[in-house]
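Here's the letter readout for the chains.
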Amino acid sequence: MACSALFLTACGDSGSSAGNGTYCRVSSTSTTVKVDAAYMGESYTSVATQVSDDVVTYHSVYGYATQAEADKACANFKEEASYWLDGSYKVACSGTQVTVDEHSEYMGLASEGLVEAEADFNEMCGMLQNMAD
């Protein structure tokens, strides 16, 4: 995941927005946490979903401003995926978007994985806001 935490929201929305097209919002339910962000023509959306007591899945879409940036990111993500021999990290590239699907096992503590994801997403939003200011 590409994010981190300044504060936690138990259930609901948090986020920030700058006047230059930069925004970052975190929302959550009892089984999902979502971040939706944009900065300098690029975008990032990720949803962490608790699918069992042991597993959290992540569906992330990265949008790039240019095809060259997307191609470079695609190659980097595919290289990362090559190290995940169990197939739990999958990458698909289309135009200027890269989609990454992964699952993480938490050995009965998947709800803690959601708390961690929310913390990461909130930290990312805080950093993004600092860069935009």
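Residues numbered from 1 in each chain as written. Predicted model: local features only at pLDDT ≥ 70, side-chain atom pairs only at ≥ 80, totals over all residues. Heavy atoms only, no water.

Caption draft 1: Quick peek at the pairing of strand S5 (residues 55-63). Taking burial as the measure, the nine residues of S5 include seven buried ones, the bulk of the element. Sheet analysis places strand S4 (residues 42-50) next to S5, joined by eight bridges and oriented antiparallel. Looking across to S5, one finds that Ser43 is bridged to Gly63. In textbook terms, the turn of a hairpin is the stretch between consecutive antiparallel strands, and for S4 and S5 this stretch comprises four residues. Alignment of S5 against strand S7 (residues 97-105), held across nine bridges, turns out to be antiparallel. When the sheet's bridge partners are listed, Tyr58 is paired in S7 with Glu102. (Buried < 20%, exposed > 50% of the residue type's maximum accessible area, 1.4 Å probe, protein only. Helix = DSSP H or I, 4+ residues; strand = E, 2+ residues; numbered from the N terminus. Pairing = 2+ DSSP bridges.)

Caption draft 2: Focus on helix H1 (residues 67-82). Spanning 16 residues, H1 covers 22 Å between terminal C-alpha atoms, matching the ideal 22 Å at 1.5 Å per step. Those residues of H1 that sit buried are Ala70, Ala73, Cys74, Phe77 and Ala81. Axial view of H1: buried residues confined to an arc of 110°, hence all on one face. In H1, the exposed positions angled more than 90 degrees off the buried face are occupied by Ala68 and Lys72. Taken together, the buried residues of H1 touch S5, strand S6 (89-94) and S7. (Expected span 1.5 Å × (residues − 1). Arc of directions from axis to C-beta. Contact = heavy atoms within 4.5 Å.)

Caption draft 3: View of the side chain of Gln50. Relative to the assigned elements, Gln50 resides in strand S4. The contact partners of Gln50, leaving out residues within four places of it in the chain, are Thr31, Val55, Val56, Ala110, Ser111 and Leu114.

Caption draft 4: Region of the structure containing the state of the cysteines. A full pass over the atoms with the stated rule returns two disulfides. A disulfide bridge connects Cys24 with Cys125, and the sulfur atoms are separated by 1.9 Å. Because the sign of the S-S torsion sets the handedness, a value of about -70° for the bond joining Cys24 and Cys125 places this disulfide among the left-handed ones. You can see Cys24 sitting in strand S2 (residues 23-28) and its partner Cys125 sitting in helix H2 (residues 110-132), a full 101 residues away along the chain. Taken individually, Cys24 and Cys125 each receive the classification buried, so the pair is uniform in this respect. Residue Cys74 pairs covalently with Cys93 via a disulfide, S to S 1.9 Å. Given an S-S torsion of about 95°, the disulfide between Cys74 and Cys93 has right-handed geometry. Here Cys93 lies in strand S6 and Cys74 lies in helix H1, a separation of 19 residues in the sequence. In the protein, the bonded cysteines, numbered by position in the sequence, are linked as 1-4, 2-3. (Disulfide = S-S within 2.5 Å.)

Caption draft 5: Expanded view of the pairing of S4. Note that strand S3 (residues 32-39) and S4 share eight bridges and pair antiparallel. Pairing of Val33 across the sheet is with Ala48, part of S4. Linking S3 to S4, which pair antiparallel, is a turn of two residues; within it Met40 sits at a positive phi near 50°.

Caption draft 6: Representation of the confidence of the model for the protein within the structure. Averaged over every residue, the pLDDT of the protein is 84; residues scoring 70 or more account for 85%. This stretch, residues 1-16, has a pLDDT under 50; its non-local contacts, to residues over four places away or in other chains, come to 59 contacts. (pLDDT = per-residue confidence, 0-100.)

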